[in-house]
Structures are given as C-alpha cells and as structure tokens.
Amino acid sequence: MIRQGILIVMLLAIFAVFIVSLSDLDQLYQTSADYFREYGAEQTGSNNLVTAILLDYRLFDSLFEAGILLIAVSGIIWISKHDIEEKNARFMLDKFKTPDLFVTFSRLVYPLMLAFGFYIIVNGHVSPGGGFQGGAIVATAILILYYIDAEKETNIGMIVTVEKFLYLTILIIASLSIFTRGTFFTNVFPYDTHGGSNQAIYLVTLNILVGFKVALGLWAIFTAFLKEGR
Amino acid sequence: MPDMLEITAYALQVLLIIMAIAIVTHKNTGTIIVLIAVFSLVTASLYVINKAPDVAIAEVAIGSAIIPLIYVISISRQREFIVLDKAMDDFIISDDAFTGVGYIFLKRFTDFYHLELNISNDVRLCSVGRGREQKLCEETNVDLIVSKDEETGKYLLKGKESNILMHKLKQMARDYDAIEVITFKDRDFGD
C-alpha cells in the first residue's frame, strides 16, 4: 500500500514537471533543423548534434526512454520469478560447455570491448555514440564474461536496485536546471560560459549515468534469461 | 554515372532482402541466429551510408551482439528433454545401466525429435510432494516427472499440457500397458 502510494506520488510529480516543461516546449517544437545546426554546438557545448538534442533540447524524451528500459527489465524479472528456491537443478550446467577456442578468444576481446564501451560513453558529446550505445557495448562485454565462466553467480535484485537509484540520480541531475535556468530538463550551466567547456561536464556526467543504467538494465535482462535455463 | 557509395547502398539493400527471405525459410536454428546477426550488420552499414553513425553503433551492439547471444542461450536450453525419475526402481535404470523399459521408450521418443535425453534423480527435486508436482513442472525446466502408482503398478508420466511434445508422448504410450501419460492443465499465468 505504501509502495503504491509512493508510486502514485512519483507519477503525479512527473506529470506536474511535464506540464511545466510543456510551456517551454511549445516554442522549441517550432524550430527547424537549421536552428539546431546553427546554434546547437554553441548552446549545448556538444559537437555531436544527436547528443545535443538527446541530452539537452529533448531531454524529456530520453528520460522516458530510460524509464521504458527500466519497466522492461522489471517485466522480464517478474515473468521469470519463481518461488521454489534454487529453482533449477545444477545438472543443466554440466551440459553447457563452451568451446575452448571461444573462451580464449573471449578473454582476449573482453578488456578491449569494455574499453571501447567506456570510450563511446565518455566521448558521447564529441563523436558518434553516447550513453545508450556505450552502455550496450559494455553490457555485451559483461555477457561475454558468462561464456568465460559459466558458473558465475549474479544477484539480479542488487543490479536492479542500483539501476533504479541511477535512474533517480539521472532525474535529479536533469531537473537541477530549474535552479540555474528556470526550466526543467536542460543543461545546468548557463549559456555564456567560455567555449562550452563547463557545459561538457554536464553532458559527460549524464552520458556516464545513462551508460551505466543501460548496461545494468541489459545485464539484468540476460541474467534473467541465463537463470531461466539453469 | 552514380558514385560508388550509391551502388554499395543498393547492393546492401538487395542483400538485406535476400537475408530476410533466408531467415524466414531456413530450418536450422543455429544458422538463423548467424543470419540475424549478419542482417543487423548490413543494416548498420546502411545507417552509416545514410549518415547516421549513432544509430549504427546502437544497431551493431544490440542487433548483432546482444540479441543473437540471448537467442543462443535460449536455444541451447531447449535442446534437452529433462526427465525427473521419482520411481527409483528398474523402470529406467537397472543395474547401473540404462536398460529399463521406460528408458528405451523415452529414448525412442527423444530420438524422434532429435533431443538429448537428460534423466535426473536430483534429491532436492525428488523430495517435492505430490501436490506440488505441477508447480515443479511450471517453475523449473523439468519436462517430465516419472513416478509409480503403488495401487495399480502403473508408471505415471506427468508433464504440462501446453508442451506439444506431450501429445506425441501420449500417442506413443498407447502401445505400452504399464505406462500412463498424465498432463497438467495450465493455470492462468499471473495472479
């Protein structure tokens, strides 16, 4: 009952924020693509215009996208929930053998994939990529880890809890701009900082948070799939 | 004279159509997974040609890595037919060798579907009571529970009704007097 109450309060809060930001969106949706090309880099401090739109102009969309992933993860975990403890016997595990060649190659590729994922997350505002793409690559690297060590145990509950808190952090950081700029869901730092280097701090922070959230979400999804068979 | 990039784009689009038809018509699941991964790679290269590198990175990571790997996991779990042996007599295992009537029957059945027969007498699972057998079938990946009816001396093979394999098992069990196949009705999923 308390949980449902909290949920309703949170939904109402999000709805209120939505109404507030709607007044501002009205003028933004009038803009054409040329507007972004001309002022995008200057106003948001991002050379990658996709990130500029995703994390600044249309941050509201991105937040709900991240929320949808969270809901999908919860759904998958709810479907694969079981009451019998140690729900599947261990005999399944012995049959699941990975070829040695694949294991060796995975060990070689794993750190490279992880590094590439982090590179894409951190450089989201200067080169193609961003939180979601980098997070997916990091999740793939973690998935490869399961092929190296088939008996690896993961606590799904903890992953999902961390993911929820990351999502809340993203929401809080995204709404911080109400204090500095007077509107929700835009860059915390004001327009006219020198060269947009301050604004990049905000973009990198948000990209890293979104990246970790996506990686944890996908990790939870395929852990649920892996446990289903054990 | 169209430039090289344009020709490549057309070639990739034709390849995409061929790949889609191959995915639908192919029978071997392993090949289909590889084809899906290749399909995603071709789509990603088309995104790059159309100047959308952000989408291309996401497509490569999700479409050609995570989704095929999840398919591989799911399908490798489906390859086995898991039997829980609660009877504990010579119906399946006699003298430490698989020579029982039940084993031969089940082996014939799994060979028909190219499945691997996996017989378990895991103590933890066998100790599950009679009333919870249906729950066990629903919640674990056990396909069939073998037990003995003490009164009639018949061997009871229990499984889920929604499992299509159970229909075939019922047909094959008609020739055997000592075997009776029982199916659990599926309960509504979700409380």
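Residues numbered from 1 in each chain as written. Chains lettered and ligands numbered in written order. Predicted model: local features only at pLDDT ≥ 70, side-chain atom pairs only at ≥ 80, totals over all residues.

## A closer look at the overall build of chain A
Right, on to step 1. Across its full length, chain A holds 10 helices and zero strands.
Right, on to step 2. Walking chain A from its N terminus toward its C terminus, one meets helices and strands in the order α-α-α-α-α-α-α-α-α-α.
Right, on to step 3. In chain A, which comprises 230 residues, the share counted as buried stands at 32%.
Right, on to step 4. Here the analysis covers contacts within chain A between residues at least 6 apart in sequence; of these, 75% occur between residues at least 24 apart. (Helix = DSSP H or I, 4+ residues; strand = E, 2+ residues; numbered from the N terminus. Buried ≥ 20, exposed ≤ 12 C-beta atoms within 10 Å, placed from the backbone. Contact = placed C-beta atoms within 7 Å.)

## A closer look at the overall build of chain B
Right, on to step 1. Regarding its fold elements, chain B presents seven helices and five strands.
Right, on to step 2. Looking at chain B as a whole, 19% of its 191 residues qualify as buried.
Right, on to step 3. By sequence separation, contacts in chain B at least 24 residues apart represent 54% of the contacts at least 6 residues apart.

## Points about helix 1 (residues 4–25) of chain B
Right, on to step 1. Taking 1.5 Å of rise per residue, 22 residues should cover 32 Å, and helix 1 of chain B covers 32 Å from first to last C-alpha, within 8% of that figure.
Right, on to step 2. In terms of burial, helix 1 of chain B is a largely surface element, zero of the 22 residues being buried. (Expected span 1.5 Å × (residues − 1).)

## What about the sheet that holds strand 1 (residues 80–85) of chain B?
Residue and element names in this part refer to chain B.
Right, on to step 1. Overall, mixed pairing links the five strands, which are arranged 2-1-3-4-5 in an open sheet. A strand with exactly one partner marks an edge of an open sheet, and here the two such strands are strand 2 (116–120) and strand 5 (179–184). Pairs of neighbouring strands in the sheet enclose a mean axial angle of 25°, with direction left out of account.
Right, on to step 2. The sheet contacts of helix 4 (residues 101–112) involve strand 1, strand 2, strand 3 (144–148), strand 4 (155–160) and strand 5, and relative to strand 2 the element is tilted by about 145°.
Right, on to step 3. Against the sheet, helix 7 (residues 165–173) contacts strand 4 and strand 5, and its axis sits at roughly 160° relative to strand 5. (Pairing = 2+ DSSP bridges. Axes fitted to C-alpha atoms, helices over the stretch in contact; angles between N-to-C directions.)

## What to know about the environment of Asp143(B)
Residues and elements named next belong to chain B.
Right, on to step 1. Within the secondary structure, Asp143 sits in the loop between helix 6 (133–139) and strand 3.
Right, on to step 2. Put simply, Asp143 and Phe39 are 104 residues apart on the chain and 34 Å apart in space, counted from C-alpha to C-alpha.
Right, on to step 3. Those residues in contact with Asp143, other than ones at most four positions away along the chain, are Phe81, Ile82, Val83, Gly159 and Asn163.

## Thoughts on helix 8 (residues 156–175) of chain A
Residues and elements named next belong to chain A.
Right, on to step 1. Helix length check: helix 8 (20 residues) gives 29 Å between terminal C-alpha atoms against 28 Å at 1.5 Å per residue, within 8%.
Right, on to step 2. Every buried residue of helix 8 is accounted for by Ile159, Val160, Glu163, Leu166, Tyr167, Ile170, Ala174 and Ser175. Considered in projection along helix 8, the buried side chains sweep an arc of 165° and stay on one side of the axis. In helix 8, those exposed residues whose orientation departs by more than 90 degrees from the buried face are Gly157, Met158, Thr161, Phe165, Leu168 and Ile172. (Arc of directions from axis to C-beta.)

## Some words on the confidence of the model for chain A
Close reading of the predicted structure is inappropriate where its pLDDT is low.
Residue and element names in this part refer to chain A.
Right, on to step 1. Mean pLDDT over chain A: 80, with 84% of residues reaching 70 or higher.
Right, on to step 2. Mean pLDDT across the elements of chain A bottoms out in helix 5 (residues 91–95) (40) and peaks in helix 6 (residues 100–122) (90).
Right, on to step 3. Confidence drops under pLDDT 50 across residues 84–95; counting only partners more than four residues distant or on other chains, this segment forms 24 contacts. (pLDDT = per-residue confidence, 0-100.)

## Things to note about the nonpolar core
Right, on to step 1. One finds Ala136(A), Ala139(A), Ile170(A), Ala215(A), Leu218(A), Trp219(A) and Ala220(A) to be the most contacted residues of the largest nonpolar core, which totals 48 residues.
Right, on to step 2. At 15 residues, helix 10 (residues 197–229) of chain A tops the list of elements feeding residues into this core.
Right, on to step 3. Not counting the four nearest positions on each side in its chain, Leu218(A) is found in contact with Ala136(A), Ala139(A) and Ile66(B).
Right, on to step 4. Among the nonpolar cores identified, the runner-up in size contains 20 residues, and Leu84(B), Phe105(B), Val142(B) and Tyr155(B) belong to it. (Core = buried A, V, L, I, M, F, W, Y, C linked by C-beta atoms within 7 Å.)

## Brief notes about the domain arrangement of chain B
Right, on to step 1. Taken domain by domain, chain B comprises domain 1 (4–77) and domain 2 (79–184).
Right, on to step 2. For domain 1 of chain B and domain 2 of chain B, the distance between their C-alpha centres works out to 40 Å. (Domains from an automatic or database assignment.)

## Describing unusual backbone geometry
All names here are of chain B.
Right, on to step 1. In this model, Lys51 sits at a positive phi of 60°, which is unusual for a non-glycine residue.
Right, on to step 2. Mapped onto the elements, Lys51 comes out in the loop between helix 2 (29–49) and helix 3 (53–78).
Right, on to step 3. Overall, the presence of 8 C-beta atoms within 10 Å leaves Lys51 in the exposed class.

## What about the packing of helix 4 (residues 59–79) of chain A against helix 8 of chain A?
Residue and element names in this part refer to chain A.
Right, on to step 1. Closest axis-to-axis distance for the helix 4/helix 8 pair is 11 Å, and the angle between their directions is 165°. As the angle between them shows, helix 4 and helix 8 are arranged roughly antiparallel. When you trace helix 4 past helix 8, the crossing you get is left-handed. Contacts from Leu59, Leu63, Ala66, Gly67, Leu70, Val73 and Ile77 of helix 4 reach helix 8 at Ile156, Val160, Glu163, Lys164, Tyr167, Ile170, Leu171 and Ala174.
Right, on to step 2. A per-class count over the contact of helix 4 with helix 8 returns 12 nonpolar, one polar and two charged. (Parallel < 35°, antiparallel > 145°, perpendicular 65-115°, else oblique. Left-handed = near helix turned anticlockwise from the far one by under 90°. Nonpolar A, V, L, I, M, F, W, Y, C, P; charged D, E, K, R; others polar.)

## Topic: the environment of Lys107(B)
Right, on to step 1. As for its placement among the helices and strands, Lys107(B) is situated in helix 4.
Right, on to step 2. Residues Lys107(B) and Ile33(B) lie 74 residues apart in sequence; the distance between their C-alpha atoms is 28 Å.

## A short note on the confidence of the model for chain B
Right, on to step 1. With 89% of its residues at a pLDDT of 70 or more, chain B shows a mean pLDDT of 80.
Right, on to step 2. Taken together, the chains of this predicted complex give a pTM of 0.73 and an interface ipTM of 0.79.

## Observations concerning the packing of helix 1 of chain B against helix 2 of chain B
Residues and elements named next belong to chain B.
Right, on to step 1. The contact between helix 1 and helix 2 brings their axes to 10 Å, and the two run at 155°. Regarding the angle of helix 1 to helix 2, the classification is roughly antiparallel. Between helix 1 and helix 2 the crossing geometry is left-handed. Between helix 1 and helix 2, the residues in contact are Leu5, Thr8, Ala9, Leu12, Leu15, Leu16, Met19, Ala20, Ala22 and Ile23 and Ile32, Leu35, Ile36, Val38, Phe39, Val42, Thr43, Ser45, Leu46 and Ile49, respectively.
Right, on to step 2. Considered class by class, the residues forming the contact of helix 1 with helix 2 number 17 nonpolar, three polar and no charged.

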